[in-house]
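Below are the chains, spelled out letter by letter.
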Amino acid sequence: MRDVAYGSLLRDQRQPLHGRIAEVLVEHFTMTVEMERYTEWHASGAIRAKVQQACELLAPIYGWFTEGFDTRDLKDAKALLTELGT
């Protein structure tokens, strides 16, 4: 009879433990998703900053040229500056 009571006690204690494990797993998953979202957002912001910096460097260099606009390099530079709205 004692074993039955002990088994019942263990079962009763196990239920809250399962609930807590589920809570921890949900919290872990939520934090993982948030971390991934922040990492992606930060990376895209860093990329935008680098593109802006590249345009700030490219625009004056492109503006320095007075001829040779039919060359591939200058065509590519102009296309990039136009695409990025600079």
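Residues numbered from 1 in each chain as written. Predicted model: local features only at pLDDT ≥ 70, side-chain atom pairs only at ≥ 80, totals over all residues. Heavy atoms only, no water.

S.K.: I'd like a description of the overall build of the chain, backed by residues and values.
M.R.: The helix and strand inventory of the chain stands at two helices and zero strands. For the chain, the proportion of its 86 residues judged to be buried stands at 6%. Here the chain displays about 7800 Å² of accessible surface, and carbon together with sulfur accounts for 63% of that area. (Helix = DSSP H or I, 4+ residues; strand = E, 2+ residues; numbered from the N terminus. Buried < 20%, exposed > 50% of the residue type's maximum accessible area, 1.4 Å probe, protein only. Areas by Shrake-Rupley, 256 points an atom, 1.4 Å probe, with all protein chains shown as cover.)

S.K.: Tell me what's going on with the pattern of salt bridges, and back it up with residues and numbers.
M.R.: In the structure shown here, the tally under the stated rule is one salt bridge. For Arg72, the salt bridge identified is with Asp76, shortest N-O distance 3.6 Å. With Arg72 and Asp76 both in helix 2 (residues 72-83), this residue pair falls four residues apart, about one helical turn. (Salt bridge = Lys/Arg side-chain N within 4 Å of Asp/Glu carboxyl O.)

S.K.: Which residues make up the packing of aromatic side chains, and what values go with them?
M.R.: Evaluation of the coordinates by the stated rule reveals two aromatic pairs. Residues Tyr62 and Phe69 carry aromatic rings whose centres are separated by 5.7 Å and whose planes lie at 65° to one another, so their mutual orientation is edge-to-face. On the basis of relative accessible area, Tyr62 is assigned to the buried category, the value being 17%. An angle of 85° between the planes, with centres 5.1 Å apart, marks the rings of Trp64 and Phe65 as edge-to-face. Assessed through its relative accessible area of 65%, Trp64 is described here as exposed. Take Phe65: its relative accessible area is 32%, and that puts it in the partly exposed class. (Phe/Tyr/Trp six-rings, centres within 6.5 Å; stacked < 30°, edge-to-face > 60°.)

S.K.: Describe the nonpolar core, and please don't skip the residues or the numbers.
M.R.: Within the largest apolar cluster, five residues are counted, these being Cys55, Tyr62, Leu74, Ala77 and Leu81. Per-element tally for this core: the top contributor is helix 2, with three residues. With sequence-adjacent residues up to four places away left out, Ala77 is seen in contact with Leu58 and Tyr62. (Core = buried A, V, L, I, M, F, W, Y, C linked by side-chain atoms within 4.5 Å. Contact = heavy atoms within 4.5 Å.)

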